[in-house]
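Now for the letters of each chain:
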Amino acid sequence: MRIGIVVDSACDLPQDFITQHNIVLLPITVRIGDAILADHRDEQATLSFLHAHVAENGAEAETIPFSVQQIRDLFLQRLVIDYDHVFCLTITKTRSPIHDNALQASFAILNDYKPVRQAAGFNSPFALRVIDTQNLFAAQAVTAVEAVRLRDSGASVQQIRERLEELAGNVHGYMITRDLYYMRARARHKGDRSVGLISAALGSALDIKPVLHGYRGETGPVAKIKGFDNAVTKLFEVVGQRVRAGLMTPAVCLSYGGELDELRALPGYDALRQVCSDHGVVVLETVMSLTGMVNVGKGALTVGFADGPHRFE
């Protein structure tokens with residue numbers, strides 16, 4: 001059984017991990033003015049676009065996910081031949097139409113694949129499962145990392161499907177942004193009123209940084225801490241506590257809206273990596289997707305891991 005794994009480019013996985021494990025991308029295109037880039041998770045291209053366009057005009061960016069037709073074409077031209085079963089893991093459907101597009105495309109794919117496979121010499125059936133990861137960015141990556149681990153361990157399709165669907169409701173994503181004014185401008189451009197003018201102004205004036213928690217498709221603040229470095233230190237401490245208590249999967253994923261050397265210099269980062277190493281937990285770090293950066297701003301940090309319910313304290 002040849003099992004394929006598909007993610008969209010908002011899923012913050014390292015470029016070399018994607019290549020090594022033959023993960024297929026549904027790219028999201030970002031348009032800022034006349035500048036356009038299809039996000040294929042090329043870290044250098046992302047950083048170049050960040051420095052040239054995102055920092056000044058990112059709040060007004062347009063993000064264009066793969067359409068139903070594009071997803072259908074990708075599968076029928078390539079994936080129904082390369083694989084027998086595909087898991088398509090999407091960013092939470094509460095924040096993007098990609099899940100609904102993939103689900104709609106899946107019906108056409110399953111109706112139309114047989115002649116394509118037969119022409120390629122495959123007479124066996126093809127199957128596809130679209131899974132809403134119920135999270136985004138680094139947290140979205142946790143489910144994909146587990147899918148790779150299960151596939152490599154020889155788990156059956158049914159075992160992988162059941163595990164991934166269970167996991168989606170138990171992944172926690174945390175995010176700290178540097179610039180609440182940017183978040184507010186971006187939210188207003190998208191018609192999202194969740195970040196108000198007063199809270200943004202107060203937060204910036206007092207240097208208060210909210211720690212946002214993504215869980216089961218919902219996102220909201222769980223703490224407000226003075227200073228970006230202090231907020232990051234506290235977040236890394238909490239993640240370390242959860243690692244010591246025992247995670248549901250042996251992985252912590254991080255993404256950063258800028259150069260990775262800046263991420264590695266953040267206070268508490270080395271200590272977190274040591275805790276993960278001591279407990280057999282792999283750390284995957286990557287430059288944040290272009291989609292992520294235009295939505296949350298340059299210099300933002302996201303962390304994801306799988307765990308039961310817990311308090312941020």
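Note that the coordinates shown come from a computational prediction; the quantities given were computed from them, not determined experimentally.

**Topic: the pattern of salt bridges**
This model, assessed by the stated rule, comprises 19 salt bridges. Among the ionic pairs, Asp84 bridges to Arg2, the shortest N-O distance being 3.0 Å. Here Asp84 is found in the loop between α3 (68-82) and β6 (85-90), whereas its partner Arg2 is found in the segment before β1 (3-8), with 82 residues between them in sequence. Taking the relative accessible area as the measure of exposure, Asp84 reaches 12% and is therefore buried. Residue classification places Arg2 among the partly exposed positions, given a relative accessible area of 28%.

**Some details on the side chain of Arg163**
Within the element layout of this structure, Arg163 appears in helix α6 (residues 157-168). Only 3.2 Å separates the side chain of Arg163 from the side chain of Glu166, close enough to count as a polar contact. Non-local contacts of Arg163, meaning those with residues more than four positions away in its chain, are made with Glu146, Leu150, Met248 and Thr249.

**Considering unusual backbone geometry**
In this structure, Asn22 takes a positive phi of about 50° despite not being glycine. The residue Asn22 is located in the loop between α1 (15-20) and β2 (24-26) in this model.

**Here's the deal with the environment of Gly304**
Counting through the fold element by element, Gly304 comes out in strand β13 (residues 301-306). Gly304 gets classed as buried once you look at its relative accessible area, which sits at 0%. Ignoring anything within four residues of it in the chain, the contact list for Gly304 reads Ala138, Ala139, Val142, His172, Gly173, Ala251, Val252 and Cys253.

**Topic: the sheet that holds β2**
Working definition: the strands of a sheet are paired by backbone hydrogen bonds and lie parallel or antiparallel to each other. In space, the four strands of this open sheet follow the order β2-β1-β6-β7, with parallel pairing throughout. Looking along the sheet, the strands with just one partner apiece sit at the ends: β2 and β7 (127-132). Neighbour to neighbour, the strand axes of the sheet diverge by 25° on average, direction disregarded. Where α3 meets the sheet, its contacts fall on β1, β2, β6 and β7, and the angle it forms with β2 comes to roughly 160°. Relative to β6, α6 is tilted by about 5°, and along the sheet it contacts β1, β6 and β7.

**Brief notes about the nonpolar core**
Phe75, Phe236, Val252, Leu254, Leu301 and Val303 are the most contacted members of the largest nonpolar core, which totals 76 residues. Per-element accounting of this core gives the leading share, eight residues, to helix α9 (residues 228-245). In this structure, Leu254 is in contact with Ala138, Phe236, Tyr269, Leu272, Val283, Leu284, Glu285, Thr286, Leu301, Thr302 and Val303, ignoring residues within four places of it in sequence. Formed by 31 residues, the second largest nonpolar core is a distinct cluster that contains Ile3, Val7, Cys11 and Leu150.

**Here we look at the packing of α3 against helix α4 (residues 98-119)**
Put simply, α3 and α4 touch, their axes get as near as 8 Å, and they point 35° apart. Handedness of the α3/α4 crossing: right-handed. Taken together, the residues of α4 that come into contact with α3 (itself represented by Val68, Ile71, Arg72, Phe75, Leu76, Val80 and Ile81) are Asn101, Ala102, Gln104, Ala105, Ala108, Ile109, Asp112, Tyr113, Val116 and Arg117.

**Here's the deal with the sheet that holds strand β10 (residues 218-226)**
Here we have six strands laid out as an open sheet, ordered β10-β9-β8-β13-β11-β12, and mixed in their pairing. Looking along the sheet, the strands with just one partner apiece sit at the ends: β10 and β12 (282-287). Going across the sheet, the axis of each strand differs from the next one's by a mean of 20°, ignoring polarity. Two strands pair when backbone bridges link them, and strand β9 (residues 208-215) and β10 are joined in this way by eight bridges, in the antiparallel orientation. Along β10, the bridge assignment pairs Ile208 with Lys226. Helix α11 (residues 269-278) rests against β11 (251-256) and β12 of the sheet, and its axis sits at about 140° to β12.

**Focus: α4**
Taking 1.5 Å as the rise per residue, α4 with 22 residues should run 32 Å; its terminal C-alpha atoms sit 29 Å apart, in good agreement. In the structure, α4 departs most strongly from a straight axis at Tyr113, where the bend amounts to approximately 50° and where the proline Pro115 lies between one and four residues downstream. The set of residues buried in α4 consists of Ile98, His99, Asn101, Ala102, Ala105, Ser106, Ile109, Tyr113 and Arg117. As for α4, its buried residues are in contact with β1, β2, β3 (28-32), α3, β6 and β7.

**Considerations on the packing of helix α5 (residues 138-152) against α6**
Viewed as axis vectors pointing N to C, α5 and α6 meet at an angle of 160°, and their least axial separation amounts to 10 Å. Comparing their axes, α6 and α5 come out roughly antiparallel. Judged by the sense of rotation from one axis to the other, the crossing of α5 with α6 is right-handed. Each of Val142, Thr143, Glu146, Ala147, Leu150 and Arg151 in α5 lies in contact with α6, whose residues at this interface are Ile160, Arg163, Leu164 and Leu167. When the residues that make up the contact of α5 with α6 are grouped by side-chain class, the tally is six nonpolar, one polar and three charged.

Definitions and limits used
- For every chain, the first residue of the written sequence is number 1, and numbering continues from 1 along that sequence.
- Reporting of local features is limited, given that this is a predicted model, to residues whose pLDDT is at least 70; pairs of side-chain atoms are given and counted only at 80 or more, and all residues count toward the totals for whole chains, interfaces and linings.
- Computation of side-chain values covers all heavy atoms of the structure but excludes hydrogens and water.
- A carboxyl oxygen of Asp or Glu within 4 Å of a side-chain nitrogen of Lys or Arg is what we treat as a salt bridge.
- Every helix listed is a DSSP run of H or I at least four residues long, and every strand listed is a run of E at least two residues long, numbered separately from the N terminus.
- Burial classes: relative accessible area under 20% of the type maximum marks a residue as buried, over 50% as exposed, and values in between as partly exposed (1.4 Å probe, protein chains only).
- Polar contact criterion, stated in full: a pair of N or O atoms within 3.5 Å, where within protein one must be able to donate a hydrogen and the other to accept it, and residues adjacent in sequence count only if both atoms are side-chain atoms.
- It only takes one pair of heavy atoms within 4.5 Å for two residues to be counted as in contact.
- Here, any two strands with at least 2 DSSP bridges between them count as paired.
- Under this scheme, a helix contributes an axis fitted over its contacting stretch, all axes are lines through C-alpha atoms, and angles between N-to-C directions fall in the 0 to 180 degree range.
- As used here, the term nonpolar core means buried Ala, Val, Leu, Ile, Met, Phe, Trp, Tyr and Cys residues forming a set that is joined through side-chain atoms within 4.5 Å.
- Two helices cross in a left-handed way if the nearer one is turned anticlockwise from the farther one by less than a right angle. They cross in a right-handed way if the turn is clockwise.
- A helix is expected to span 1.5 Å multiplied by its residue count minus one.
- Bend, in this description, refers to the angle at a residue between axes fitted to the seven residues ending there and the seven starting there.
- Orientation is classified from the angle alone, with under 35 degrees giving roughly parallel, over 145 giving roughly antiparallel, 65 to 115 giving roughly perpendicular, and any other angle giving oblique.
- The nonpolar class holds Ala, Val, Leu, Ile, Met, Phe, Trp, Tyr, Cys and Pro. Asp, Glu, Lys and Arg form the charged class, and all remaining residues, Gly among them, are polar.

That is the geometry; function is a separate question.
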